[in-house]
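Fold and contact review
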Amino acid sequence: LLPGTAAPPSARVPQLAAPAPNPFNPQTELAFELGTAGSAHLAIHDAAGRLVRTLLEASLPAGRHARAWDGRDDAGRRVSGGAYLVRLTVDGRDAPARKVVLLP
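Residues numbered from 1 in each chain as written. Predicted model: local features only at pLDDT ≥ 70, side-chain atom pairs only at ≥ 80, totals over all residues. Heavy atoms only, no water.

1. Quick notes on the environment of His-65
Considering the arrangement of structural elements, one finds His-65 in strand S5 (residues 63–69). Among the residues examined, His-65 registers a relative accessible area of 13% and is labelled buried. Separated by 34 residues in the primary sequence, His-65 and Ala-31 have C-alpha atoms spaced 5.7 Å apart. If near-sequence neighbours (up to four positions away) are discounted, His-65 is found in contact with Leu-30, Ala-31, Phe-32, Leu-34 and Leu-60. Within polar-contact distance, the side chain of His-65 engages the backbone oxygen of Pro-61 at 2.8 Å. (Helix = DSSP H or I, 4+ residues; strand = E, 2+ residues; numbered from the N terminus. Buried < 20%, exposed > 50% of the residue type's maximum accessible area, 1.4 Å probe, protein only. Contact = heavy atoms within 4.5 Å. Polar contact = N/O pair within 3.5 Å; in protein donor to acceptor, adjacent residues only side chain to side chain.)

Written out as structure tokens, the structure is:
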């Protein structure tokens, strides 16, 4: 980009890759790409939309990042097998959520 120009809208939208492996047990990697630096929030929600685990809440530079989820909640307890949603929000912009399946 030239100095003083804004990134195109597509570069500003955070991109959340498909979790790998999926389904998983005991751990999956959640990779994502930030087109611009920003305040990122990566979280796991159950099928009812309740927060299960916050994996990341930090300012990050543009580029590729990844976090692992070990199938545990914020208190460190193993969660039950089933489908969960991975949500990435960067500066108020949501990437499309991804579904991940934890095998029992």
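2. Some remarks on the pairing of strand S3 (residues 38–45)
In terms of residue burial, S3 counts as a mostly covered element, since 6 of its 8 residues are buried. Pairing between S3 and strand S4 (residues 51–60): 8 bridges, direction antiparallel. Counterpart to Ile-44 in the pairing with S4 is Arg-53. Hairpin geometry of S3 and S4 is characterised by an intervening segment of 5 residues between the two adjacent antiparallel strands and by a positive phi of about 90° at Gly-49. Where S3 and strand S6 (residues 82–90) come together, 6 bridges link them in antiparallel fashion. Across the sheet, residue His-41 finds its bridge partner in S6, namely Thr-89. (Pairing = 2+ DSSP bridges.)

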